[in-house]
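# Breakdown of the fold
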Amino acid sequence: MNIRKFAVIAALGLCTAGTAWAKDYKVGQIEVDDLWVRASAPGQSNGAGYMDIDNDAKAEDRLLSVTSDAAERVELHTVQTENGVSKMRQVEGGIALPADTEVKLSPGGYHVMFIKLKAPFAEGGTVPATLKFEKAGEVAVQFKVKPASHNPGMDHGGMNHGAMKH
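Residues numbered from 1 in each chain as written. Predicted model: local features only at pLDDT ≥ 70, side-chain atom pairs only at ≥ 80, totals over all residues. Heavy atoms only, no water.

### Quick look at the pairing of strand β5 (residues 71-82)
Where β5 lies against strand β9 (residues 111-117), six bridges are found, and the strand directions are antiparallel. Within the sheet, the bridge partner assigned to Leu 76 lies in β9 and is Val 112. Sheet topology note: the β5/strand β6 (residues 85-90) ladder contains six bridges and is antiparallel. Bridging across to β6, Gln 80 finds its partner in Lys 87. Counting the residues that bridge the hairpin from β5 to β6 gives two residues, and of these Asn 83 lies at a positive phi of roughly 50°. (Pairing = 2+ DSSP bridges. Helix = DSSP H or I, 4+ residues; strand = E, 2+ residues; numbered from the N terminus.)

### Structural notes on the nonpolar core
Counting residues in hydrophobic clusters, the biggest one holds 31 residues, and the most contacted among them are Leu 63, Phe 114, Phe 133 and Phe 143. When neighbours within four sequence positions are excluded, Phe 133 is seen to be in contact with Val 27, Ile 30, Val 32, Ile 53, Asp 61, Arg 62, Leu 63, Leu 64, Leu 97 and Val 139. (Core = buried A, V, L, I, M, F, W, Y, C linked by side-chain atoms within 4.5 Å. Buried < 20%, exposed > 50% of the residue type's maximum accessible area, 1.4 Å probe, protein only. Contact = heavy atoms within 4.5 Å.)

### Section: the pairing of strand β2 (residues 30-38)
For β2, the buried fraction is high: eight of the nine residues fall into the buried class. In terms of strand pairing, strand β1 (residues 25-27) meets β2 through three bridges, oriented antiparallel. Within the sheet, the bridge partner assigned to Val 27 lies in β2 and is Ile 30. The antiparallel pairing of β1 with β2 creates a hairpin that spans two residues between the two strands, and Gly 28 there sits at a positive phi of about 55°. Pairing analysis gives six bridges linking β2 to strand β3 (residues 47-55), with the strands arranged antiparallel. Each residue of the ladder has a partner; that of Ile 30, found in β3, is Asn 55. The pairing of β2 with strand β11 (residues 137-146) spans three bridges and is classified as parallel.

Below, the structure is given as structure tokens:
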């Protein structure tokens, strides 16, 4: 391989690697990526959303709320286990985002609860929403709708809800 071809291939590799690390959304010092929901099962009226939030600021921030026209109500929730039973609880006051830290909203932990869906989440589609942060402000985002079989862990947004009570 000649040196020019090698340089072009190397440059393309660096560009591709850089995009793999890019965040999907940014507002102030907050970066948000990997937003997803699971496709709705027949008759399912609620859905859960997940994401990774990076607070690159030197001060704490908070995810105060999420709004979306896709559901009648949207709340921030967490899962708490008491006496071996997992229960969903609404998070009052938002989710703390410590300075220079990544917080993951994931199955079995913090998540966005879409309550009384206006239409099922269709695989391959997106769910528009707005995230509101205490200091950074608001940012419009899109949750990607993954297959109903997508199951990185237990949550109440899909079929594997076990002993969880809402």
